[in-house]
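Report on the structure
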Amino acid sequence: MDILIKNIKGLVGIRSKSTCFVAGKEMMHLETLNDAYLIVDKGLIYDFGVMSNLKYSDNSFDEIINAKGSLLFPSFVDSHTHLVYAGSREIEYGDKIRGLSYEEIAKRGGGILNSAKLLHETSERVLFDLAMVRIKDIISMGTGAVEIKSGYGLTLEDELKMLRVIRRLRNESPLIIKSTFLGAHAVPNDFKGKQNKYVDLVVNEMLPKVAEENLADFVDVFCDKGFFTIEQTDRILDAAAKFGLRSKIHANELDFSGGIQVGVKHNALSVDHLEYTGDAEIMSLLKSKTMPTILPGAAFFLGLKNAPARKMIDAGLPLALASDFNPGSSPSGNMQLIASMGCIIYKMLPEEVINATTINSAYAMGIEAEVGTITCGKRANLFVSRPMPSYNYLPYSYGDNKVDKVILNGEIIKY
Ligand code: NIG
Ligand code: FE
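Residue positions are given per chain, counting from 1 as you read along its sequence in written order. For this description, chains carry letters from A and ligands carry numbers from 1, given in the order in which they are written. Per-residue local features of the predicted model are confined to residues with pLDDT of at least 70, and side-chain atom pairs are confined, for both listing and counting, to 80 or more; whole-chain, interface and lining totals are unaffected and use all residues. To obtain the side-chain values, all non-hydrogen atoms of the structure were used and water was disregarded.

**Side note on helix α6 (residues 195-212)**
Cut-off, in case you're wondering: To qualify as a helix, a DSSP run of H or I must reach at least 4 residues; to qualify as a strand, a run of E must reach at least 2; elements of each kind are numbered from the N terminus. In a helix, the anticipated span is given by 1.5 Å times the number of residues less one. To obtain the bend at a residue, axes are fitted to the seven residues ending there and to the seven starting there, and the angle between these axes is taken. Note on classification: 1.4 Å probe, protein chains only; a residue is buried when its accessible area is under 20% of the maximum for its type, exposed when over 50%, partly exposed between these limits. Whether two residues are in contact is decided by their heavy atoms, any of which lying within 4.5 Å being enough.
For α6, which comprises 18 residues, the first-to-last C-alpha distance of 25 Å matches the rise-based estimate of 26 Å (1.5 Å per residue) to within 8%. Along its length, α6 reaches its greatest deviation from straightness, about 35°, at Met206, and the proline Pro208 lies no more than four positions downstream. Along α6, the positions that sit buried rather than exposed are Tyr198, Val199, Leu201, Val202, Val203, Met206, Leu207 and Val210. Among the structural elements, α5 (156-172), β8 (176-184) and α7 (230-242) are those in contact with the buried residues of α6.

**Things to note about the coordination of the iron ion (ligand 2)**
In plain terms, the rule: Note on donors: an N, O or S atom is included if it sits within 2.8 Å of the metal, or within 3.2 Å for Na, K and Ca, and water is never included, so sites can look incomplete.
The iron ion (ligand 2) binds to the protein through His80 (NE2), His82 (NE2), His250 (NE2) and Asp324 (OD), with metal-donor distances spanning 2.1 to 2.3 Å. Spacing between the donor residues of the iron ion (ligand 2) along their common chain follows H-x1-H-x167-H-x73-D. By the burial criterion, His80 is buried, and His82 matches it.

**A look at the sheet that holds strand β9 (residues 218-223)**
In a beta sheet, neighbouring strands pair by backbone hydrogen bonds and run either parallel or antiparallel. Which entries qualify depends on this criterion: Here, a strand pair is defined by DSSP locating no fewer than two bridges between the strands.
Taken in spatial order, the 8 strands make up an open sheet running β6-β7-β8-β9-β10-β11-β12-β13, and their pairing is parallel. The two strands at the open ends of the sheet, each matched to only one other strand, are β6 (76-78) and β13 (320-321). Looking at chain direction, β9 and strand β10 (residues 246-251) are connected through 4 bridges and run parallel. Along β10, the bridge assignment pairs Val219 with Ser247.

**Let's talk about the nonpolar core**
Put simply, the test is: Residue types Ala, Val, Leu, Ile, Met, Phe, Trp, Tyr and Cys, when buried and joined through side-chain atoms within 4.5 Å, form a set referred to as a nonpolar core. Where each domain starts and ends comes from a domain assignment, either automatic or drawn from a database.
Grouped together as the largest cluster of nonpolar side chains are 103 residues, with contacts concentrated most on Leu83, Val84, Ile135, Leu169 and Met348. Ranked by residue count, the leading element in this core is α6, at 8 residues. Two domains each provide a minimum of three residues to this core, namely domain 1 (3-73 + 373-412) and domain 2 (77-363). In this structure Ile135 touches Leu83, Val146, Ile148, Leu169, Ser173, Leu175 and Ile177, once residues within four positions along its chain are discounted. Counting 18 residues, the second-largest nonpolar core is a separate cluster that includes Ile14, Ile65, Leu72 and Ala380.

**Topic: the pairing of β9**
Counted only if it meets this: Note on handedness: a crossover is taken as right-handed if, strands pointing away from the viewer, the path from the first strand over the helix to the second is clockwise.
Counting buried residues in β9 gives 6 out of 6 residues, a clear majority hidden from the surface. One ladder, built from 3 bridges, connects β8 with β9; its direction is parallel. Each bridged residue has a counterpart across the sheet, and for Thr180 the counterpart in β9 is Phe218. Read from β8 through α6 to β9, the crossover connection turns out right-handed. After leaving β9, the chain enters α7 and then returns to the sheet as β10, a path that is right-handed.

Okay, structure coming up:
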């Protein structure tokens with residue numbers, strides 16, 4: 001057999017195969033086995049149990065990891081990123097610190113349009129190389145699957161360029177990668193005052209081409225104040241559904257935009273951001289199969305009010321957390337930090353943030369049957385922590401990397 005991980009101080013996140021996501025009180029549950037072993041074979045989790053039940057001798061394995069003092073976790077699943085981009089935007093940082101809002105920066109031609117201009121001038125090869133550095137970074141911090149959006153193209157050619165970069169990342173990196181077409185991320189300057197014309201372009205030209213080249217798994221719209229309206233979102237999601245693309249929506253970050261409800265109406269896989277979530281939004285989500293996803297990095301970086309995570313979980317909802325890794329509102333893909341923010345800022349418990357960054361975020365990108373828990377038959381995407389007293393330490397000790405060894409597809413990754 002391939003790998004034996006033995007003497008694991010705590011094997012964290014054991015669940016049955018049938019768990020798709022966890023909601024409400026169940027989010028507090030995190031099954032852990034102490035003094036455990038886990039066997040990886042042919043890329044999958046083959047078996048696990050307590051050390052006293054280990055039936056195989058060391059020489060049955062190609063590799064042995066002695067995890068003494070360490071915990072073994074399912075890899076983080078980061079279900080919302082924009083990690084293909086041409087350059088950072090620290091140039092806006094000063095304006096932001098001086099008090100300009102995200103929308104004001106966007107209105108001045110900064111923000112997403114600034115990234116689109118730079119992306120236009122950058123070759124596919126350079127974009128790939130830049131993104132690959134970020135991919136290796138997030139792998140080293142424990143991420144085992146990531147969703148990546150387009151949306152810095154905003155022309156047919158440049159949106160396709162981004163999506164091709166994502167496809168190449170999928171082919172050449174060990175991560176599970178899902179790709180989301182976000183043509184409706186911002187209205188480009190050429191379409192100022194003619195927003196519906198831009199939506200025509202997204203619906204009539206971009207979507208068919210993206211579908212024809214099979215470049216996206218999902219579709220997204222930035223449905224919020226100053227960006228795209230509910231009606232425009234409705235139209236794009238209807239058109240995408242005809243190509244079999246399910247949606248993941250940017251919703252209610254800047255206002256009660258109706259984005260959550262429009263997402264639910266279209267059976268979105270997830271609605272993301274959610275700073276403006278009230279009782280009506282919670283009611284709508286409770287009746288749906290849509291995963292509410294909070295992006296603590298963006299709210300932290302932009303100084304937004306915080307989504308009411310506690311109220312949502314207490315109402316019985318599931319919650320996922322993701323990084324939103326992007327140059328404008330969350331320049332970090334560190335899911336350990338996101339988990340810490342979940343506890344410190346959103347008052348989620350360590351068990352809840354671990355579920356929110358693994359099984360629930362896996363559901364939010366449609367891969368819950370493959371990863372997100374310690375379950376026999378699931379893909380062996382795992383990380384061994386540095387020695388730590390308990391799983392609480394993972395979100396408690398923020399700011400440094402607590403990942404010691406990464407296993408993806410049953411192979412130990414060495415970067
Ligand atoms: O998720 N809110 C919209 N889009 C991104 C930000 C993109 C950017 O500013 O470059 C987000 O925060
Ligand atoms: Fe985003």
